[in-house]
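Each chain, letter by letter, is given below.
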Amino acid sequence: MRFCLLIMAKSPVPGQVKTRLCPPLTPEEAADVAAASLLDTISAAAATPGAVPVVALAGVVRRDDVRDALAECVVIPQRGETFADRLAHAHADVAGFGMPVLQIGMDTPQVTPSLLASCAQFEEAALGLALDGGWWALGLRDPLRAEVLRDVPMSRADTGARTLNALQGLNVRRLPVLSDVDTMTDARTVAAQVPCGRFAATLTEIAAVPR
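In this convention, every chain numbers its residues from 1, walking through the sequence in written order. Under the rules for a predicted model, residues below a pLDDT of 70 receive no local features and side-chain atom pairs below 80 are neither given nor counted, while totals for whole chains, interfaces and linings still include all residues. The side-chain values count all of the structure's non-hydrogen atoms but skip hydrogen atoms and water molecules.

Engineer: Even after reading the chapter, I still don't get the packing of aromatic side chains, so can you show me in this structure?
Structural biologist: Note on aromatic pairs: each is described by the distance of the centres and the angle between the planes. Aromatic pairs are defined between Phe, Tyr and Trp rings, using the six-membered ring for Trp, whenever the two ring centres lie within 6.5 Å; interplanar angles under 30 degrees are classed as stacked, those over 60 as edge-to-face, and all others as tilted. Inspection of every chain in the model, using the stated rule, returns 0 aromatic pairs. Taking the ring centre of Phe-122 as reference, the NZ or CZ of Arg-141 above it sits at 5.7 Å. We count a charge as sitting over a ring when the NZ of a lysine or the CZ of an arginine lies within 6 Å of the ring centre and within 35 degrees of the ring normal.

Engineer: Hey, could you run me through the sheet that holds strand β5 (residues 125-129) in this one?
Structural biologist: In a beta sheet, neighbouring strands are held together by backbone hydrogen bonds and run either parallel or antiparallel to one another. In short, DSSP must find at least two bridges between two strands for them to pair. Secondary structure follows DSSP: runs of H or I at least 4 residues long count as helices, runs of E at least 2 residues long count as strands, and numbering of each begins at the N terminus. Ordered in space as β3-β2-β1-β4-β6-β5-β7, the 7 strands form an open sheet in which the pairing is mixed. The sheet terminates laterally at β3 (74-77) and β7 (172-174), the two strands that pair on one side only. Put simply, the sheet's adjacent strands are angled 20° from each other on average, direction ignored. The pairing of β5 with β7 spans 3 bridges and is classified as parallel. Its bridge partner being in β7, Ala-126 is matched across the sheet by Arg-173. In what follows, a contact means two residues having at least one pair of non-hydrogen atoms within 4.5 Å. The convention used is that axes are lines fitted to C-alpha atoms, helices contributing only their stretch in contact, and that angles between N-to-C directions extend from 0 to 180 degrees. Packing of helix α3 (residues 83-94) onto the sheet brings it into contact with β1 (3-10), β2 (51-58), β3, β4 (101-104) and β6 (135-140), and relative to β1 it is tilted by some 145°.

Engineer: I tried to follow the packing of helix α1 (residues 27-46) against helix α7 (residues 198-207) on my own but got confused; where do I start?
Structural biologist: Helix-helix packing is described using two parameters, namely the angle between the two axes and the distance between the axes. Contact geometry of α1 with α7 gives a least axis separation of 8 Å together with a crossing angle of 160°. Classified by the angle between their axes, α1 and α7 sit roughly antiparallel to one another. Here α1 runs over α7; the crossing is right-handed. Taking contact as the criterion, the partners of Glu-29, Asp-32, Val-33, Ala-36, Ser-37, Leu-39, Asp-40 and Ser-43 in α1 are, on α7, Arg-198, Phe-199, Thr-202, Leu-203 and Ile-206. In this scheme, roughly parallel covers angles under 35 degrees and roughly antiparallel covers those over 145, while 65 to 115 is roughly perpendicular and the rest are oblique. In this scheme, a crossing is called left-handed if the near helix is turned counterclockwise away from the far one by less than a right angle; it is called right-handed if the turn is clockwise.

Engineer: I would appreciate a short explanation of the nonpolar core in the present structure.
Structural biologist: Burial of nonpolar side chains together is a common tendency in soluble globular proteins. Counting 35 residues, the largest nonpolar core has Leu-5, Ile-42, Val-55, Leu-102, Leu-116 and Trp-136 as the members making the most contacts within it. Of all the secondary structure elements, the ones that give two or more residues to this core are β1, α1, β2, α2 (64-70), β4, α4 (113-119) and β6. By residue number, the principal contributor to this core is α1, which donates 8 residues. Ignoring anything within four residues of it in the chain, the contact list for Ile-42 reads Ile-7, Val-55, Ala-69, Leu-70 and Cys-73. In this description, a nonpolar core means a group of buried Ala, Val, Leu, Ile, Met, Phe, Trp, Tyr and Cys residues linked to one another through side-chain atoms lying within 4.5 Å. Only protein chains enter the calculation, and the probe is 1.4 Å; a residue is then buried if its accessible area is under 20% of its type maximum, exposed if over 50%, and partly exposed in between.

This is the structure in C-alpha coordinates:
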(Lines give C-alpha, C1' and ligand atoms only; values in the text may rest on other atoms or scores of the structure.)
Protein backbone atom coordinates (compact mmCIF):
# COMPACT_ATOMS: atom_id res chain seq x y z
CA MET A 1 0.00 0.00 0.00
CA ARG A 2 1.29 3.43 -0.93
CA PHE A 3 0.74 6.30 1.47
CA CYS A 4 1.82 9.90 1.89
CA LEU A 5 4.35 10.29 4.70
CA LEU A 6 3.91 13.94 5.59
CA ILE A 7 6.68 15.56 7.66
CA MET A 8 6.00 18.91 9.30
CA ALA A 9 9.38 20.64 9.43
CA LYS A 10 10.96 23.96 10.26
CA SER A 11 14.17 25.10 8.63
CA PRO A 12 17.01 24.76 11.20
CA VAL A 13 17.89 28.42 11.60
CA PRO A 14 19.74 29.47 14.78
CA GLY A 15 17.44 31.22 17.20
CA GLN A 16 14.30 29.88 15.52
CA VAL A 17 14.41 26.16 16.35
CA LYS A 18 14.88 24.10 19.51
CA THR A 19 15.09 27.22 21.66
CA ARG A 20 14.22 25.18 24.76
CA LEU A 21 17.65 23.56 24.43
CA CYS A 22 19.26 26.98 25.07
CA PRO A 23 20.94 26.93 27.51
CA PRO A 24 22.93 24.78 27.82
CA LEU A 25 23.25 24.81 24.02
CA THR A 26 23.95 27.89 21.96
CA PRO A 27 21.39 28.82 19.26
CA GLU A 28 23.83 27.51 16.63
CA GLU A 29 24.20 24.18 18.42
CA ALA A 30 20.45 23.88 18.85
CA ALA A 31 20.04 24.45 15.10
CA ASP A 32 22.59 21.70 14.45
CA VAL A 33 20.57 19.35 16.65
CA ALA A 34 17.38 20.29 14.79
CA ALA A 35 19.07 19.70 11.45
CA ALA A 36 20.31 16.28 12.54
CA SER A 37 16.84 15.37 13.76
CA LEU A 38 15.29 16.41 10.45
CA LEU A 39 17.91 14.56 8.42
CA ASP A 40 17.41 11.33 10.39
CA THR A 41 13.65 11.68 9.98
CA ILE A 42 13.91 12.19 6.22
CA SER A 43 16.26 9.22 5.90
CA ALA A 44 13.79 6.98 7.74
CA ALA A 45 10.92 8.27 5.62
CA ALA A 46 12.80 7.71 2.37
CA ALA A 47 13.52 4.10 3.34
CA THR A 48 9.95 3.31 4.42
CA PRO A 49 8.25 0.79 2.10
CA GLY A 50 5.30 2.30 0.25
CA ALA A 51 5.91 5.83 1.54
CA VAL A 52 5.81 8.94 -0.60
CA PRO A 53 7.76 11.43 1.54
CA VAL A 54 6.36 14.97 1.56
CA VAL A 55 7.90 17.73 3.67
CA ALA A 56 5.70 20.67 4.66
CA LEU A 57 8.40 23.25 5.29
CA ALA A 58 8.44 26.54 7.17
CA GLY A 59 11.33 28.92 6.66
CA VAL A 60 14.21 29.27 4.23
CA VAL A 61 16.77 26.46 4.03
CA ARG A 62 20.32 27.72 4.49
CA ARG A 63 22.15 24.41 4.95
CA ASP A 64 23.44 22.34 2.03
CA ASP A 65 22.90 19.01 3.80
CA VAL A 66 19.26 19.79 4.48
CA ARG A 67 18.78 21.14 0.96
CA ASP A 68 20.22 17.94 -0.50
CA ALA A 69 17.95 15.75 1.64
CA LEU A 70 14.87 17.78 0.71
CA ALA A 71 15.70 17.31 -2.97
CA GLU A 72 14.69 13.64 -2.53
CA CYS A 73 11.23 14.62 -1.25
CA VAL A 74 8.19 16.51 -2.41
CA VAL A 75 8.38 19.86 -0.60
CA ILE A 76 5.38 22.10 0.03
CA PRO A 77 5.27 25.37 2.00
CA GLN A 78 3.47 25.53 5.31
CA ARG A 79 0.46 27.85 5.29
CA GLY A 80 -1.47 29.42 8.14
CA GLU A 81 -0.99 31.60 11.18
CA THR A 82 -1.22 28.99 13.94
CA PHE A 83 0.35 25.54 14.05
CA ALA A 84 -3.11 23.97 14.03
CA ASP A 85 -3.92 25.89 10.84
CA ARG A 86 -0.66 24.80 9.24
CA LEU A 87 -1.39 21.17 10.07
CA ALA A 88 -4.87 21.34 8.54
CA HIS A 89 -3.55 23.11 5.44
CA ALA A 90 -0.73 20.61 4.96
CA HIS A 91 -3.13 17.67 5.04
CA ALA A 92 -5.43 19.46 2.60
CA ASP A 93 -2.49 20.18 0.29
CA VAL A 94 -1.64 16.48 -0.02
CA ALA A 95 -5.25 15.30 -0.29
CA GLY A 96 -4.94 15.44 -4.07
CA PHE A 97 -2.43 12.60 -3.97
CA GLY A 98 -5.37 10.26 -3.34
CA MET A 99 -3.51 8.37 -0.63
CA PRO A 100 -3.86 7.85 3.11
CA VAL A 101 -1.63 10.21 5.08
CA LEU A 102 0.66 9.46 8.00
CA GLN A 103 1.89 12.77 9.39
CA ILE A 104 4.84 13.13 11.72
CA GLY A 105 7.14 15.94 12.82
CA MET A 106 10.91 16.38 12.89
CA ASP A 107 11.18 15.88 16.66
CA THR A 108 11.27 12.06 16.73
CA PRO A 109 14.54 11.09 15.03
CA GLN A 110 14.27 7.63 16.63
CA VAL A 111 11.61 6.56 14.12
CA THR A 112 12.57 3.69 11.83
CA PRO A 113 11.26 2.59 8.42
CA SER A 114 9.70 -0.51 9.97
CA LEU A 115 7.93 1.54 12.65
CA LEU A 116 6.60 4.03 10.11
CA ALA A 117 5.41 1.29 7.77
CA SER A 118 3.60 -0.37 10.66
CA CYS A 119 2.01 2.90 11.78
CA ALA A 120 0.64 3.44 8.27
CA GLN A 121 -1.61 0.39 8.68
CA PHE A 122 -4.97 1.77 9.84
CA GLU A 123 -8.58 1.73 8.69
CA GLU A 124 -9.74 5.31 9.22
CA ALA A 125 -7.31 7.09 11.53
CA ALA A 126 -4.31 6.58 13.80
CA LEU A 127 -2.78 8.62 16.59
CA GLY A 128 0.57 8.25 18.31
CA LEU A 129 0.70 10.05 21.63
CA ALA A 130 3.89 11.63 22.98
CA LEU A 131 5.17 11.31 26.52
CA ASP A 132 4.69 15.05 27.14
CA GLY A 133 0.95 14.84 26.48
CA GLY A 134 1.06 15.85 22.83
CA TRP A 135 1.20 13.56 19.83
CA TRP A 136 3.93 12.62 17.37
CA ALA A 137 1.98 10.89 14.57
CA LEU A 138 -1.43 11.27 12.99
CA GLY A 139 -2.82 8.97 10.34
CA LEU A 140 -5.88 9.81 8.28
CA ARG A 141 -7.48 7.81 5.48
CA ASP A 142 -9.16 11.05 4.40
CA PRO A 143 -6.67 13.90 4.95
CA LEU A 144 -9.45 16.50 4.80
CA ARG A 145 -10.52 15.21 8.22
CA ALA A 146 -7.54 17.18 9.57
CA GLU A 147 -9.84 20.21 9.60
CA VAL A 148 -10.79 19.19 13.15
CA LEU A 149 -7.26 20.11 14.26
CA ARG A 150 -8.07 23.80 13.92
CA ASP A 151 -10.06 23.60 17.15
CA VAL A 152 -7.38 21.72 19.10
CA PRO A 153 -4.99 23.80 21.27
CA MET A 154 -1.45 22.77 20.41
CA SER A 155 1.70 22.43 22.55
CA ARG A 156 -0.20 21.65 25.74
CA ALA A 157 -0.16 18.75 28.15
CA ASP A 158 -3.64 17.77 26.98
CA THR A 159 -3.15 18.23 23.23
CA GLY A 160 -3.02 14.48 22.64
CA ALA A 161 -6.21 13.83 24.56
CA ARG A 162 -7.98 16.73 22.85
CA THR A 163 -6.87 15.49 19.43
CA LEU A 164 -8.17 12.01 20.20
CA ASN A 165 -11.48 13.56 21.25
CA ALA A 166 -11.60 15.62 18.03
CA LEU A 167 -11.29 12.39 16.03
CA GLN A 168 -14.38 11.00 17.76
CA GLY A 169 -16.53 9.04 15.34
CA LEU A 170 -13.53 7.59 13.51
CA ASN A 171 -11.98 4.20 14.13
CA VAL A 172 -8.68 5.42 15.64
CA ARG A 173 -5.76 3.04 15.94
CA ARG A 174 -3.52 3.89 18.89
CA LEU A 175 0.13 3.94 17.85
CA PRO A 176 3.18 3.45 20.11
CA VAL A 177 3.92 6.28 22.54
CA LEU A 178 7.22 8.07 21.80
CA SER A 179 9.26 10.84 23.35
CA ASP A 180 9.80 13.86 21.16
CA VAL A 181 12.77 16.18 21.61
CA ASP A 182 11.93 19.36 23.50
CA THR A 183 14.50 19.44 26.32
CA MET A 184 18.08 18.25 26.79
CA THR A 185 16.77 15.35 28.88
CA ASP A 186 14.57 14.34 25.93
CA ALA A 187 17.49 14.72 23.54
CA ARG A 188 19.80 12.49 25.56
CA THR A 189 17.09 9.86 25.98
CA VAL A 190 16.31 9.77 22.26
CA ALA A 191 19.99 9.76 21.28
CA ALA A 192 20.54 6.68 23.43
CA GLN A 193 17.82 4.91 21.44
CA VAL A 194 19.49 5.63 18.09
CA PRO A 195 23.23 5.80 18.87
CA CYS A 196 24.26 5.36 15.23
CA GLY A 197 22.21 8.23 13.81
CA ARG A 198 23.15 11.79 12.93
CA PHE A 199 21.20 13.01 15.95
CA ALA A 200 23.29 11.09 18.48
CA ALA A 201 26.51 11.97 16.64
CA THR A 202 25.65 15.67 16.73
CA LEU A 203 24.96 15.60 20.48
CA THR A 204 28.26 13.77 21.04
CA GLU A 205 30.16 16.38 19.05
CA ILE A 206 28.50 19.22 20.97
CA ALA A 207 29.28 17.56 24.30
CA ALA A 208 32.98 17.50 23.33
CA VAL A 209 33.09 21.28 22.82
CA PRO A 210 34.83 23.04 25.76
CA ARG A 211 32.51 25.34 27.70
